[in-house]
Amino acid sequence: MPLALLTLMIAPLMATAPEEDVPASGYEETLVAWGLAQHGREVELSPEGQRVEAVLVSAEDVVAESDPYPNFLNIFHVRTREAIIRREVLLEPGAPYSAALAQETARNLRNLGIFSAVRVVAVKGSAPGSVALLIITKDLWSLRLNQDWELVGSYLRRLQLQGTETNFLGLNQRLALDFLLRPDTMSFGQTYINRRVGGSRWYLGETTSLIIGRESGKPEGTRGSVVFQRPLYSLSTPWSVNTSVSWDTSTTRVYRGTEVWQLPYPDGAPVPFIYETRVVSGGASYTRSYGEFSKKNVTGSVAAYHRGYDAPAAAPLNSAQREWLRANHLPLSEEAVYTSLSLSAYQARYEVMRDVDSYALSEDYQIGHSVLVTARYAPPVFSSAAHYAELGVAGRYRWLWGDALTTVSAGGAIRRALGEGAAWTNRHWATEVHQVSPKIFGGRFVARGLLDVNIDDLFDRVTLLGGANGLRGAAQDAYSGKRMLLFNVEYRTAPFVFHTLHLGGVIFYDAGSAFDRRPNMVHSVGVGIRFLFPQFNVYPFRLDFGYVLNDTLPPVGQRFTFSGGQITEYRPSVLDSPLR
């Protein structure tokens with residue numbers, strides 16, 4: 001891509017010190033100054049190898065004295081307990097200071113999702129040759145109404161509300177009541193997550209929900225999952241285990257735009273794309289981890305599933321229509337017991353950047369290679385069980401050129417049916433190039449190109465493109481196909497800060513096509529805004545308005561899209577998990 005090549009050429013001319021070696025700007029800089037003042041300490045510029053004499057904690061409330069919100073809000077939030085912060089620290093008093101372990105501690109704390117900001121700073125000790133480790137955190141507002149939605153013009157395509165206590169009693173436990181509104185259904189559910197069961201390293205998470213049809217007002221099914229695991233909580237953790245079970249019994253209606261997709265039945269009226277889903281799965285895995293910088297994780301697992309898909313019994317379809325729908329459009333119904341072996345290899349090198357996807361806050365990026373290879377075998381253990389072998393590969397390489405970030409990703413999967421009717425199926429591959437420029441006039445250019453290809457897909461996955469999912473300005477889901485080609489280029493301005501509200505602008509160009517044989521590219525341009533309240537969210541909301549240059553223009557209202565996160569989050573899962 002021209003922008004990527006231009007960035008690589010100018011990056012050395014605009015190079016700065018790595019983000020982790022310079023003071024955090026704005027919001028986090030104020031937090032660091034507060035933590036240093038609280039303990040009366042000064043930053044130690046050369047801490048490596050010195051003895052750690054103490055671990056100090058400065059835990060800030062959601063609303064600090066420097067914030068423009070009333071302090072009484074802190075009454076409704078229990079600040080994270082110091083013991084919860086300390087148990088994530090990987091450096092102990094008496095050990096030599098290690099910048100790598102300090103940075104890993106910061107990443108682990110950020111990954112908990114209960115802090116808006118985390119800084120780990122080496123400060124001068126009380127005696128020569130010693131340092132102290134200062135952990136500075138600022139809580140996210142935990143009693144909250146989490147929201148995720150897609151709004152196209154005046155049409156609400158999806159609304160998820162989650163009344164959540166994300167940090168129950170300051171213990172890093174999550175309790176939630178969930179509500180999900182789709183065009184056809186409402187779901188009511190609950191979630192509980194405990195990342196450190198009984199103060200141990202074990203994780204427990206469960207969620208269940210009841211699905212109700214909006215038109216009938218009657219229950220249509222349930223879905224949920226339970227996970228119990230001991231994760232790899234640090235780079236030096238030698239092993240982990242994972243067990244899980246999940247289910248989904250529901251009615252699936254596939255929408256294009258605001259209406260259920262009407263499939264072109266060859267011998268009569270169109271057939272609505274509606275089917276019953278009955279899926280149950282469960283499994284267990286064990287991971288052995290090797291190395292600390294050049295990481296290699298080997299995972300073995302055993303799992304089983306039942307997947308059933310069929311036209312609803314109450315649907316007014318004759319036997320021929322049902323068979324046509326099942327043969328041409330529904331995912332494959334099958335059951336299997338399988339074993340798998342995976343190898344994950346990556347370079348444990350991380351860099352901190354800012355103003356990429358989230359304003360003001362630190363963002364961790366793994367640099368270098370990351371490869372995942374998974375082989376799966378499903379034997380015919382009973383007469384109805386599927387018999388096949390699968391292979392999935394995903395790889396990524398990321399470069400940091402001064403303050404520019406280049407990421408190249410590729411992934412693919414293939415299945416070989418064994419026994420009678422042996423054939424190659426489920427050939428799915430994708431590739432992506434993602435480029436973040438150095439800061440130019442305070443903002444950044446962000447560009448990505450994405451190609452996603454499905455061939456002989458037993459699950460009949462169809463890509464829908466248009467609107468909030470990658471081609472802004474077009475009608476929602478205006479284009480469909482088994483393959484997709486997509487380009488997005490944005491200039492994201494530096495944020496304007498008003499009483500901690502971070503507000504920025506975007507100018508964008510999108511080009512994309514969802515197709516079966518050859519792409520027919522649709523081009524659009526537009527503008528948008530991004531806004532972030534760092535006390536309450538770590539990723540910004542986006543409001544975009546697009547204009548299609550070479551195809552039918554939807555009504556003005558449908559050219560607006562409003563959702564959370566950045567447009568580049570829309571990407572196929574095969575790039576990260578080739579065998580789902």
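Conventions used here
Residues numbered from 1 in each chain as written. Predicted model: local features only at pLDDT ≥ 70, side-chain atom pairs only at ≥ 80, totals over all residues. Heavy atoms only, no water. Helix = DSSP H or I, 4+ residues; strand = E, 2+ residues; numbered from the N terminus. Polar contact = N/O pair within 3.5 Å; in protein donor to acceptor, adjacent residues only side chain to side chain. Patch = residues over 30% accessible without salt bridge, like charges linked within 9 Å, V, L, I, M, F, W, Y side chains within 5 Å. Areas by Shrake-Rupley, 256 points an atom, 1.4 Å probe, with all protein chains shown as cover. Salt bridge = Lys/Arg side-chain N within 4 Å of Asp/Glu carboxyl O. Contact = heavy atoms within 4.5 Å. Phe/Tyr/Trp six-rings, centres within 6.5 Å; stacked < 30°, edge-to-face > 60°. Buried < 20%, exposed > 50% of the residue type's maximum accessible area, 1.4 Å probe, protein only. Lys NZ or Arg CZ within 6 Å of the ring centre and 35° of its normal. Pairing = 2+ DSSP bridges. Axes fitted to C-alpha atoms, helices over the stretch in contact; angles between N-to-C directions.

J.: Go over the environment of Arg530 with me, naming the residues and quoting the values.
T.: Along the chain, Arg530 turns up in strand β29 (residues 522–532). Once the C-alpha coordinates of Arg530 and Asn426 are considered, the two residues, 104 residues apart in sequence, prove to be 38 Å apart. Engagement of the side chain of Arg530 in a polar contact is seen with the side chain of Asp544, the distance being 2.9 Å.

J.: How would you summarise a nonpolar patch on the surface if you had to cite specific residues and measurements?
T.: Taken together, the side chains of Tyr290, Val298, Leu341, Leu343, Val371, Val373, Leu391 and Val393 make up a nonpolar region of the molecular surface, amounting to roughly 610 Å² of accessible area. Secondary-structure elements contributing two or more residues to the nonpolar patch are β17 (334–347), β19 (363–378) and β20 (388–401). Looking at where Leu341 falls in the secondary structure, it is placed in strand β17.

J.: Lay out the side chain of Glu104 in plain terms, naming residues and giving numbers.
T.: With respect to the element layout, Glu104 can be found in helix α4 (residues 99–111). Glu104 has contacts with Leu90, Ser234 and Leu235, leaving out every residue within four places of it along the chain.

J.: Explain the packing of aromatic side chains to me, and be specific about the residues and the numbers.
T.: Scanning the model with the defined rule gives 12 aromatic pairs in all. Plain terms: the ring middles of Tyr305 and Tyr338 are 6.0 Å apart, the flat faces sit at 55° to each other, and that makes the pair tilted. Of this pair, Tyr305 sits in strand β16 (residues 294–310) while Tyr338 is found in strand β17, placing the two residues 33 residues apart along the sequence. Pair check on accessibility: Tyr305 and Tyr338 agree, each one buried. By the ring-pair criterion, three or more aromatic residues cluster together here, those being Trp261, Phe273, Tyr275 and Tyr309. Sitting above the plane of the Tyr350 ring, Arg107 keeps its charged end 3.6 Å from the centroid. The ring of Trp239 has Arg230 sitting right over it, with the charged end atom 4.1 Å from the ring centre.

J.: Which residues make up unusual backbone geometry, and what are the values?
T.: Of all residues except glycine, most have a negative phi; of all peptide bonds, most are trans. The phi dihedral of Phe441 falls on the positive side, at around 55°, and the residue is not glycine. By the secondary structure assignment, Phe441 is in the loop between β22 (423–436) and β23 (444–455). In this structure, Asp456 is a non-glycine residue whose phi angle is positive, near 50°. Tracing the backbone shows Asp456 in the loop between β23 and β24 (463–465). What makes Asp456 partly exposed here is its relative accessible area of 42%.

J.: Before we move on, could you go through the sheet that holds strand β1 (residues 51–60) and cite the residues and values that matter?
T.: Judged by pairing direction, the sheet is mixed, and its three strands sit side by side in the order β1-β3-β2 without closing on themselves. Each of the sheet's edge strands pairs with one partner strand only, and the pair in question is β1 and β2 (115–124). For this sheet the average axis-to-axis angle between neighbouring strands, irrespective of direction, equals 15°. Against the sheet, α4 contacts β2 and β3 (130–139), and its axis sits at roughly 160° relative to β2.

J.: Pulling in residues and values, what's your account of the environment of Leu471?
T.: Assignment of secondary structure puts Leu471 in the loop between β24 and β25 (479–481). What Leu471 contacts, discounting residues up to four positions off in sequence, is Leu465, Gly466, Tyr479, Asp510, Ala511, Gly512, Val522 and Ser524.

J.: Lay out the pairing of β29 with the relevant residues and their values.
T.: Pairing of strand β28 (residues 501–515) with β29 involves 11 bridges; the strand directions are antiparallel. Within β29, the residue paired with His502 across the bridge is Leu532. Where β28 hands over to β29, the hairpin turn is made up of six residues, counted between the paired strands. As paired elements, β29 and strand β30 (residues 541–548) share eight bridges and run antiparallel to each other. Within β30, the position partnered with Gly528 by the bridge is Asp544.

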